[in-house]
Amino acid sequence: MSEAIIELKDIKKQYGKHEVLKGVNMQINRGDIYGLIGRNGAGKTTIFKMILGLSEITDGTVSIAGSRSRSELYKNRSKVGFFVGSRFFNYLSARENLKYYATVKGIPHRQMKAEIDRVLEIVGLQNVKKPFKTFSLGMGQRLGIAGAILGNPEILILDEPTNGLDPQGIADVRHMVQRFREEFNMTVVVSSHILGELENTADRFGIINEGVVVKEITKADLAEKESAIEIAVDDLEKARKLLTEGGVKIMREVEERSTLEDYYFKLVGGGKE
Amino acid sequence: MRRLIRADLRRILAKPGFYICPLISFALFIYGLFSSSIEYDSYYSNLDIQLAYIYPFLVLLPIFTCVYGDELRSGTMITAIGRGLSRTKVILAKFIDTVLLSLAFVLFFLLMDQITFDRFSVVLTKVQILRVFSAYAAAWLQILGFCTFAAIFVYLTWNSSVGLVAGLISIAFSKMILDWLQNRTHLPFYDVTFLGQADMARRQFDAGNMWMHHVFFVLLWYALFLTVSALIFNRKELDL
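This is a predicted model, so every value here is computed, not measured. In every chain, residue numbers begin from 1 and rise along the written sequence. The order in which chains are written sets their letters, starting at A; the order in which ligands are written sets their numbers, starting at 1. It should be noted that, the model being predicted, local features are given only for residues of pLDDT at least 70 and side-chain atom pairs only at 80 or more, the latter also being counted only at that level, while totals for whole chains, interfaces and linings use all residues.

Points about the interface of chain A and chain B
The interface is formed by 30 residues belonging to chain A together with 24 residues belonging to chain B. Think of it this way: any DSSP run of H or I at least four residues long counts as a helix, any run of E at least two long counts as a strand, and we number them from the N terminus. Contributing elements (two or more residues each) for the side of chain A that touches chain B: helix 1 (44–52), helix 2 (70–76), strand 5 (80–83) and helix 3 (94–105) of chain A. Each residue belonging to the side of chain A that touches chain B can be placed in one class, and the counts come to 14 nonpolar, eight polar and eight charged. By definition, residue pairs are in contact when their C-beta atoms, positioned from the backbone, come within 7 Å. Residue polarity follows a fixed list, in which Ala, Val, Leu, Ile, Met, Phe, Trp, Tyr, Cys and Pro are nonpolar, Asp, Glu, Lys and Arg are charged, and the others, Gly among them, are polar.

So this is what it looks like as structure tokens:
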């Protein structure tokens, strides 16, 4: 049985009378690349805020790495690295900003330089010396990811890491995420609006709609449940009849597997006209 | 918490803007060194004004800009909270940042005074030295009080400028208003505050009497301000 590394049980969040989360249950297992999908305002960011302790939970429990008490939860949050936008001091360079993060994370001083070099190399910013205020959006995103993986956390949370990136940048993030799991054994939770991209990155998906996780599905489930074969034949009527008996020459066969996007819109409505 | 303080101090000291106020005061000091002479009595009578109004301003500005402003602008505070540091500890870390930085400023001002004395060959008696020290110590306690009080507004509004303005207004008017209220009503409006208690500690110290209990009351004021900040901040939704 898979070991749950993040568990949300019946999480509710209310802002005044507005209920943002209406009892979210979610389990992220060790080694998952878990994609969190939902419209704007569906509650994805609120879920991250609950996990990171940035927002008070109205009701329900969050458990990280098996934490059973509030103090254990606080302690285990140190096992989480997270990217929730580029949050850096404008006047500091990439290296100085990471030094700040590394100090807050408690990386020993003698290991700090090597660790900063390592993460800058992973995100491809090893030669950048200028202050953060001169960074492009893509560079900022990369530095944000570097900050998140400092100290090699067990769990990595990435909130919209591909926001504003060009196709090359998006592909780079995808490769990085896969590398984080394969090389560094991280469990990754990632949210994105780009469902096609998330489908290529994650292997489990949680679909959130109107404050509830309406479905958790694996990539394998998606392929199994939603696959279909489209056959183009010379005579459709005949084909229908003869297909069961055999003998019809199949001119072309196209496997049309439902995409994550199709599945998502089928589940929550909306999407393609 | 220690890690956050260390990281904070390192990044604050790396910011060129942090040194603007000390540089301004240093420039004024250099000007003073070559433009006039000084004697203890005139120095001591001016010291109160400087300590009550000018120095707090010179300390508050860089502290609110660097300790709180940069942090809120960059959104880095959530790094520490997301790593499991409680919000109360974040508040305490910021308070300790303020204690250390304001102490550094006060020592810097004191050092400039010492250089001025040397420049004009003013030799102070032991009593005079202690009086200067007690004046500075009381001023430091008051500056810390203003900073801790004004920080409540930062946590309330999530805006360091509001905190800075609250701090500057309280520096400019609180003493005057509280004194006026005290004189009019004969109730200890001024005396019970951290300002009054710090002044009393100084007076008692100068007179050779017991003074520590007044410092204790000043600390209680800090504890009150920090508690209010914690109550506000612990309920605050932090935006991502």
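So, the pairing of strand 6 (residues 155–159) of chain A
Residues and elements named next belong to chain A. Field definition: a residue is buried when 20 or more other C-beta atoms are found within 10 Å of its C-beta, exposed when 12 or fewer are, and partly exposed for counts in between, with C-beta atoms placed from the backbone. The buried count for strand 6 comes to five of five residues, which makes it a mostly enclosed element. One bridge is not enough; two strands pair if DSSP finds at least two bridges between them. In terms of strand pairing, strand 5 meets strand 6 through four bridges, oriented parallel. By the bridge assignment for strand 6, Val80 is matched with Ile155. Pairing between strand 6 and strand 7 (residues 187–191): five bridges, direction parallel. Across the sheet, Leu156 pairs through a bridge with Val188, a residue of strand 7. Consider the strands pointing away from the viewer: the crossover is right-handed when the path from the first strand over the helix to the second runs clockwise. For the crossover that starts at strand 6, traverses helix 6 (residues 167–184) and ends in the parallel strand 7, the hand is right-handed.

Side note on the confidence of the model for chain B
Across the chain, each position has a pLDDT score giving the predictor's confidence in that residue, from 0 to 100. Residues of chain B with pLDDT of at least 70 account for 98%, and the chain-wide mean is 86. Across the interfaces of the predicted complex, the ipTM metric reaches 0.78, alongside a pTM of 0.78.

Focus on the sheet that holds strand 1 (residues 4–15) of chain A
Residues and elements named next belong to chain A. Judged by pairing direction, the sheet is antiparallel, and its three strands sit side by side in the order 2-1-4 without closing on themselves. For this open sheet the edge positions go to strand 2 (18–29) and strand 4 (59–64), each flanked by a neighbour on one side alone. Ignoring strand direction, the axes of neighbouring strands in this sheet form an average angle of 15°. Looking at chain direction, strand 1 and strand 2 are connected through nine bridges and run antiparallel. Residue pairing across strands places Tyr15 opposite His18, the latter belonging to strand 2. Sheet strands in contact with helix 1 are strand 1, strand 2 and strand 4, and its direction is about 115° off that of strand 1. Every axis corresponds to a line fitted to the C-alpha atoms, with the helix fit spanning only the stretch in contact, and the corresponding angles, defined between N-to-C directions, vary from 0 to 180 degrees.

Some points on helix 4 (residues 109–123) of chain A
Residue and element names in this part refer to chain A. Between the first and last C-alpha of helix 4 there are 22 Å, a value that for 15 residues agrees with the 21 Å anticipated at 1.5 Å per step. Among the residues of helix 4, those classed as buried are Ile116, Val119 and Val123. Structurally, helix 4 contributes buried residues whose contacts are with helix 3 and helix 5 (137–149). In the segment just after helix 4, Gly124 is the residue with positive phi, at about 75°. Helix span, expected: 1.5 Å multiplied by one less than the number of residues in the helix.

Concerning unusual backbone geometry
Working note: non-glycine residues mostly have negative phi, and peptide bonds are mostly trans. Backbone geometry places A:Asp10, a non-glycine residue, at a positive phi of 50°. Mapped onto the elements of the fold, A:Asp10 is located in strand 1.

Side note on the pairing of strand 9 (residues 212–218) of chain A
Successive side chains on a regular strand alternate, one facing one side of the sheet and the next facing the other. Residues and elements named next belong to chain A. Where strand 8 (residues 204–209) meets strand 9, six bridges bridge the pair, whose relative direction is antiparallel. Paired with Ile207 across the strands is Lys215, a residue of strand 9. Counting the residues between successive antiparallel strands, the hairpin from strand 8 to strand 9 contains two residues, one of them, Glu210, with a positive phi of roughly 50°.

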